[in-house]
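Architecture at a glance
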Amino acid sequence: MCGIAGFAHKEFSPAQAVKVLEAFSARLSHRGPDNTGYCLWSQGGSYSVGESAQKLSSERMGVDIGLMHRRLSILDTSEHGHQPMVSHDGRYVIVQNGEIYNYIELRSELENLGYSFASQSDTEVLLYALIEWGSKAFAKLIGMFAFCLIDRVDQTLMLARDFYGIKPLFYATTEKGLVFASEIKALSAFPELKLQPDLFSLRDYLALGLVNHNERSFFSGIKSLPPGHCLKISLGRSLAPEISSFLAPKQARLNRKEIGFVEASQELKERFLRSVELHMRSDVGYGALLSGGVDSSAIVAAMRLVGGEQLDLRTFTYAARGESCDEEAYADLVINKVGANYKKVLLSSNDVVQNLERLMRFQDEPIGSTSLFAQYRVFEAVHNDGLKVVLDGQGADEILGGYTPYYTAALAGFIQKGEWGRACSLIGYLRHNGRLSLSNLLLRTLTRLAPDFAGQMIYQKHAQGGVNAAIDWQWFEKMGISADYGKTTGLASSLDSALDLDFTSLNLPGLLRYEDRNSMAHSLESRVPFLSPEIVGFVQSLPEEYLISPDGEDKALFRAAMRGIVPDEILDRKDKIGFQTPEQAWFKELSGWVEGRINSDSFRALPFLDVAQATRSWEEVKRSGNGFPRAVWRWINVAQWAEAHDLDFEKSV
């Protein structure tokens, strides 16, 4: 796990290149505190690689490409694992952020083809895999990655990002070149970029809470390379980027497997255990996040099964003691079952106030909820325990069908297909178990089945009404930013489409962003075993009823696969919590702080918010006692974010 950054530029002098690369390094130091490496290259010459950018630039007349790497040493912690890495023949150079978990198997395959290796690192294996197999190498990889590969002979630069976007990679183009980095804060050091808000992303966030749902960032002109894509530029011809896909994750749904439920559960168990075992490969200490839910409990139990009794298994839990969202008892059950060492994190409402500025500095962009504080502080506990790697259950819900809204998506699908028996069975389950009231169930299902224009009208009313009436939505229209309320999983009319939307755009990308920045804020590598091609592709090829069973059990196949490994008390849970914070209670305590933020100068500087109306709305919220609206949280985030980056909204289009 590391931080990477670089540029391709037509007119940089060595002094300018060094200044930019050193600024990149300073802003990404948290991602890789163990070592820094640089590469400078001019067309027609060889690469200069080393730990000092100043020394590399001393004899150069110009610089066409500059690379920077901040290393968090995980595999081969010796100097042989330092980056940038150059191929034996000097033709290629690579910098990578991430891990290739099956590097041992790929290395053996490459050695049989005649390749030799100078290190025990996965990055060197990735380098020669790309040299040997080209774009076909991607199909062989199991891991998370974002990398830059330079070819001195073809004079090309290629960026690539892993299949599901676990690792970040941002880029921007200017009149004179291209710049890229693991985080936006590094790009802000590039002299030709001035941070301005992206009003399309801002509107989607304020209206629907969407984050990272497409290639746009919250900053105009700064884009995220889509998962499973490559970006190439040619220095010899043009610096205009060409973007292409090397993997289409949704293709699996086109080929449904004919496999029985019992056989499928056994195969999923084997794939899951194999994935956990691969994700445990490390030359440094590691642990696991444990909420007490099905996914994290399965990872912890699998780690014990795979690692044996000799494994020093360490878990880290957030406990919301005395609150309805507390899962500590379930986490304790798993800890006692597998015999793990544990650390628990407790939080108060004051943590929100004390950590908001710091958290947003690491996140770069507005955030969705206060659950990020819990995650941030748990990662801090992992770091303080002396570990560099942690396993987590991110991604399981989006592939296995673990969220409550998926029930209404499945119900809508049954109705469309005329499967009334299955529809009635699911309705009965939901009513009996109190998952949704009948009125709520019917309203959500009818919204999914409504014509597109009707569904969009419903979501427009939902997004722009209530406390959000304090936003001047016409201001966005005047700025040329129109609404698209079709971009919501609540309009998906089948379980497949709802899962695809959440997986590719509406949910998982934002969660992965939060996880990456929160973990790297503490120089910690977070690994997600559920997001392995072997698991994702297999699950996406199975019938829908293996995810939500005919009798209404969510994650049905995975629960069956984990019987005998995870305690039944966990597998039989009907609720879902995760690292959820008691927001409603917290913001009752923080009422004065919220009012202070609404009346702050940064809040008043937002041209699309009516402060007087916002104040009235907040007073009504307090009087009603109906809970804290997430929309108010988004207002506060935007004001804090705009102030931190000195943004000018009037000049952003």
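Residues numbered from 1 in each chain as written. Predicted model: local features only at pLDDT ≥ 70, side-chain atom pairs only at ≥ 80, totals over all residues. Heavy atoms only, no water.

**Brief notes about the layout of surface pockets**
Taken as a whole, the second largest pocket encloses approximately 540 Å³ of empty space. Surrounding the second largest pocket, 32 residues form its lining, Arg161, Pro226, Pro227, Thr504 and Pro509 being those nearest its centre. Elements with a minimum of two residues in the lining of the second largest pocket: α18 (495-506) and α19 (508-520). In terms of residue count, α19 provides more of the lining of the second largest pocket than any other element does, 6 residues in total. Taken together, the residues of the lining of the second largest pocket sort by class into 15 nonpolar, 10 polar and 7 charged. (1 Å grid on protein atoms, 1.4 Å probe; cavity = no way out; pocket = protein on both sides within 12 Å on 5 of 7 lines; lining within 4 Å. Points joined across faces, edges and corners; volume = space filled by probe spheres on them. Helix = DSSP H or I, 4+ residues; strand = E, 2+ residues; numbered from the N terminus. Nonpolar A, V, L, I, M, F, W, Y, C, P; charged D, E, K, R; others polar.)

**Considerations on helix α7 (residues 261-279)**
The end-to-end C-alpha distance of α7 is 26 Å, a good match for the 27 Å that 19 residues give at a rise of 1.5 Å each. Ala264, Ser265, Leu268, Arg271, Phe272, Leu273, Ser275, Val276, Leu278 and His279 are the residues of α7 that are buried. (Expected span 1.5 Å × (residues − 1). Buried < 20%, exposed > 50% of the residue type's maximum accessible area, 1.4 Å probe, protein only.)

**Some thoughts on the sheet that holds strand β12 (residues 229-234)**
Here we have 6 strands laid out as an open sheet, ordered β5-β6-β7-β8-β12-β13, and antiparallel in their pairing. Every interior strand has two partners, whereas the edge strands, β5 (85-86) and β13 (238-245), have only one. In the sheet, strand β7 (residues 143-151) pairs with strand β8 (residues 156-161) via 6 bridges, with the strands oriented antiparallel. Its bridge partner being in β8, isoleucine 150 is matched across the sheet by leucine 157. Strands β5, β6 (92-100) and β7 of the sheet are contacted by helix α4 (residues 122-133), whose axis makes an angle of about 120 degrees with β6. (Pairing = 2+ DSSP bridges. Contact = heavy atoms within 4.5 Å. Axes fitted to C-alpha atoms, helices over the stretch in contact; angles between N-to-C directions.)

**Here's the deal with the sheet that holds strand β16 (residues 341-345)**
Strands in a sheet are paired, the pairing made by backbone hydrogen bonds, and the direction either parallel or antiparallel. The parallel open sheet is built from 5 strands, whose spatial order is β16-β15-β14-β17-β18. Bordering the open sheet on either side are β16 and β18 (525-527), each of which pairs with just one other strand. Pairwise comparison of adjacent strand axes, ignoring direction, gives a mean angle of 30 degrees for this sheet. The pairing of strand β14 (residues 286-289) with strand β17 (residues 389-391) spans 3 bridges and is classified as parallel. Paired with alanine 288 across the strands is leucine 391, a residue of β17. Relative to the sheet, helix α8 (residues 294-307) contacts β14, β15 (314-318) and β17, its axis offset from that of β14 by approximately 150 degrees.

**Quick look at empty space enclosed by the protein**
Per the counting criterion, the structure on display carries 2 cavities of 30 Å³ or more. In this model, the largest cavity occupies a volume close to 100 Å³. Lining the largest cavity are 15 residues, and of these Arg71, Leu75, Gln83, Asp122 and Thr123 lie nearest its centre. Elements with a minimum of two residues in the lining of the largest cavity: β6 and α4. Broken down by element, the residue count for the lining of the largest cavity peaks at 3 residues, all from β6. Looking at the lining of the largest cavity residue by residue, the classes come out as 5 nonpolar, 7 polar and 3 charged. Computed from the structure, the second largest cavity encloses a volume of approximately 60 Å³. Taken together, Ile166, Lys167, Leu512, Glu515, Asp516, Ser519, Ser526 and Val528 make up the full set of residues lining the second largest cavity. Counting residues per element, the lining of the second largest cavity draws most heavily on α19, which supplies 4 residues. For the lining of the second largest cavity, the residue count by class is 3 nonpolar, 2 polar and 3 charged.

**What to know about the packing of helix α13 (residues 405-416) against helix α15 (residues 438-449)**
For the pair α13 and α15, interaxial distance at closest approach is 9 Å and the crossing angle is 60 degrees. With respect to each other, α13 and α15 are oriented oblique. Viewed along their axes, α13 and α15 form a crossing whose handedness is right-handed. Every residue of α15 that contacts α13 at Pro405, Thr408, Ala409, Leu411, Ala412, Ile415 and Gln416 is listed here: Leu441, Arg444, Thr445, Arg448 and Leu449. Considering only residue class, the contact of α13 with α15 consists of 7 nonpolar, 3 polar and 2 charged. (Parallel < 35°, antiparallel > 145°, perpendicular 65-115°, else oblique. Left-handed = near helix turned anticlockwise from the far one by under 90°.)

**What about the packing of helix α24 (residues 591-598) against helix α26 (residues 611-624)?**
Closest axis-to-axis distance for the α24/α26 pair is 10 Å, and the angle between their directions is 165 degrees. Comparing their axes, α26 and α24 come out roughly antiparallel. Crossing of α24 over α26 shows right-handed handedness. Contacts between α24 and α26 involve Ser591, Val594, Glu595 and Ile598 from the former and Val611, Ala614, Thr615, Trp618, Glu619 and Lys622 from the latter. In terms of residue class, the contact of α24 with α26 is built from 5 nonpolar, 2 polar and 3 charged.

**Focus: α13**
An ideal rise of 1.5 Å per residue puts 16 Å on 12 residues; α13 measures up with 17 Å between its terminal C-alpha atoms. Of all 12 residues that make up α13, 9 are buried, and the element is covered over most of its length. Of the positions making up α13, those classed as buried are Tyr406, Tyr407, Thr408, Ala409, Ala410, Leu411, Ala412, Gly413 and Phe414. A positive backbone phi angle near 75 degrees is found at glycine 418, which sits one or two residues after α13.

**What about the packing of aromatic side chains?**
Here the structure, examined in full by the defined rule, presents 32 aromatic pairs. Relative to phenylalanine 608, the ring of tryptophan 475 lies with its centre 5.5 Å away and its plane at 55 degrees, an arrangement referred to as tilted. Placement of the pair is tryptophan 475 in helix α17 (residues 473-478) and phenylalanine 608 in the loop between α25 (601-604) and α26, with a sequence separation of 133 residues. You'll find tryptophan 475 and phenylalanine 608 in the same group, each marked buried. Measuring from ring centre to ring centre gives 5.3 Å for phenylalanine 530 and phenylalanine 558, while their planes differ by 70 degrees; the resulting arrangement is edge-to-face. Separated by 28 residues along the polypeptide, phenylalanine 530 in the loop between β18 and α20 (533-540) and phenylalanine 558 in helix α21 (residues 556-561) bring together distant segments of the chain. We note that phenylalanine 530, like phenylalanine 558, is buried. By the ring-pair criterion, three or more aromatic residues cluster together here, those being Phe138, Phe145, Phe147, Phe163, Tyr164, Phe246 and Phe503. For lysine 140, the ring lying beneath its charged end belongs to tryptophan 133, and the centroid distance is 4.5 Å. (Phe/Tyr/Trp six-rings, centres within 6.5 Å; stacked < 30°, edge-to-face > 60°. Lys NZ or Arg CZ within 6 Å of the ring centre and 35° of its normal.)

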